[in-house]
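# What the coordinates show
Listed below, chain by chain, are the residues.
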Amino acid sequence: MIKILIKKKKKLKEIEVPSDIKKDQYKDFVLDWKNLGKILIKYSNNFSKNGINVMGAKRLGSGSFGVAYLLNDGKVLKLTKDTEEAIISNFLINKSIQHFVKIFGVFKLPITDTGEQIYAILQEKLMPVSKQDGSLLEKNIKVLKQVIGGSDPFIFTNKKWEEIKSLKQVQNKPDVLNYLEEIGFNNICNDLNKSGIKFVDFHSGNFMRRSDGTLVLIDIGADATNFGSESNIKQI
């Protein structure tokens, strides 16, 4: 991912876009949040037929590719145009992977008037990690990746946590390893290894907590090659 500046309401805002996207395509990856809100209302009856009441939904936040709404039943409905996240989320429906966000349903909306494909992901509501924990988590993961080195971008998927800890080059970073174990990142690594999901975007905004304190990985958009296809996603 790379960061670019866009103009929004006469102010500059930094967003992330895939590094292989050309400059003339950037605008295609910036969603109009107001239009997404209209889409939510437009298809309210379609959602209702699938047991999802979107009336009265409250916007929680937004990122480069989607926006999340809190529903009246306490679940979260995320609208996104990230196809890989939608495919992997569809694979994760009702799977009990403890340290991944719980997914209850994934739906494909009709193509918009501007030719965009939007997906709706129904998931559990989580709590944000503290600003301090998020900063330390991101920093320590970065340090660990630098110490490990090598050319494997999916090291946290391809090796179990105990295998990572046993690497010779990390032995002189006990503070980093201890912190990541205390906060629960080791459990996320093991779940990535077990599921085979190749995830690399370990920034602080992709970590949240359940009410019992469990650290959870969200926004699991990654290489979706082995997890089905877009055609498997239910049309709303």
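Preceding this section is the structure that the text describes.
Numbering of residues starts from 1 in every chain and runs along the sequence as written. The model is predicted, so local features are restricted to residues of pLDDT at least 70 and side-chain atom pairs to those at 80 or more, both for listing and for counting; the totals for chains, interfaces and linings are taken over all residues. As a rule here, side-chain values come from all non-hydrogen atoms in the structure, and water together with hydrogens is ignored.

## Points about the environment of His 99
To keep it simple, the criterion reads: The secondary structure listing takes helices from DSSP runs of H or I that are at least 4 residues long and strands from runs of E that are at least 2 residues long, numbered from the N terminus. Contact criterion: two residues are considered in contact whenever any of their non-hydrogen atoms come within 4.5 Å of each other.
As for its position among the elements, His 99 is in the loop between α3 (83–91) and β6 (103–108). Taking C-alpha positions, His 99 is 9.8 Å from Phe 207, a pair spaced 108 residues apart along the chain. Excluding its chain neighbours within four sequence positions, the residues that come into contact with His 99 are Asn 187, Ile 188, Asp 191, Thr 214, Leu 215, Val 216 and Leu 217.

## A look at helix α8 (residues 185–195)
To keep it simple, the criterion reads: Exposure categories follow from relative accessible area, calculated using a 1.4 Å probe and restricted to protein chains: below 20% of the type maximum is buried, above 50% is exposed, and the middle band is partly exposed.
Within α8, the full set of buried residues consists of Phe 185, Asn 186, Ile 188, Cys 189, Asp 191, Leu 192 and Ser 195. Contact partners of the buried residues in α8: α4 (131–148), α5 (155–158), α6 (161–165), α7 (174–183), β9 (207–209) and β10 (215–217). Positive backbone phi, at 80 degrees, marks Gly 196, one or two positions downstream of α8.

## Details of the side chain of Glu 124
This is how it is decided: Any N or O atom pair separated by 3.5 Å or less is treated as a polar contact, with the protein-specific requirement of one donor-capable and one acceptor-capable atom, and with residues adjacent in sequence counted only for side-chain atom pairs.
Within the secondary structure, Glu 124 sits in the loop between β7 (119–123) and β8 (127–128). Overall, the relative accessible area of 11% leaves Glu 124 in the buried class. In this structure the side chain of Glu 124 is engaged in a polar contact, spanning 2.8 Å, whose partner is the backbone nitrogen of Lys 102. A polar contact of 2.9 Å, which involves the side chain of Glu 124, links it to the side chain of Arg 210. Aside from chain neighbours lying at most four places away, what touches Glu 124 is Val 76, Phe 100, Val 101, Lys 102, Phe 104 and Arg 210.

## So, empty space enclosed by the protein
Any space left empty among the atoms is revealed by the rolling of a water-sized probe across them. Short version of the rule: Space inside and on the surface of the protein is sampled on a 1 Å grid over the protein atoms alone, with a cavity defined as a set of points where a 1.4 Å probe fits but cannot get out and a pocket as an open set with protein on both sides within 12 Å along at least 5 of 7 lines; lining residues have an atom within 4 Å of a point. Grid points are joined across faces, edges and corners, and a volume is the space filled by probe spheres set on the points. Throughout, the ten residues Ala, Val, Leu, Ile, Met, Phe, Trp, Tyr, Cys and Pro are labelled nonpolar, Asp, Glu, Lys and Arg are labelled charged, and all others, Gly among them, are labelled polar.
Per the counting criterion, the structure on display carries 1 cavity of 30 Å³ or more. Approximately 40 Å³ is the volume found for the largest cavity. As for the largest cavity, its lining consists of Glu 85, Ser 89, Leu 92, Val 101, Ile 103, Ile 121, Gln 123, Ile 218, Asp 219 and Ile 220. Of the residues assigned to the lining of the largest cavity, the class counts are 6 nonpolar, 2 polar and 2 charged.

## Description of the pairing of strand β4 (residues 66–70)
Formally: A pair of strands is considered paired only if DSSP assigns at least 2 bridges between the two.
A large share of β4 lies buried, amounting to 4 of its 5 residues. Pairing of strand β3 (residues 58–62) with β4 involves 4 bridges; the strand directions are antiparallel. From the neighbouring strand, Arg 59 faces β4, where its bridge partner is Tyr 69. As paired strands, β4 and strand β5 (residues 76–80) are joined by 5 bridges and run antiparallel to one another. Paired with Val 67 across the two strands is Leu 79, which belongs to β5.

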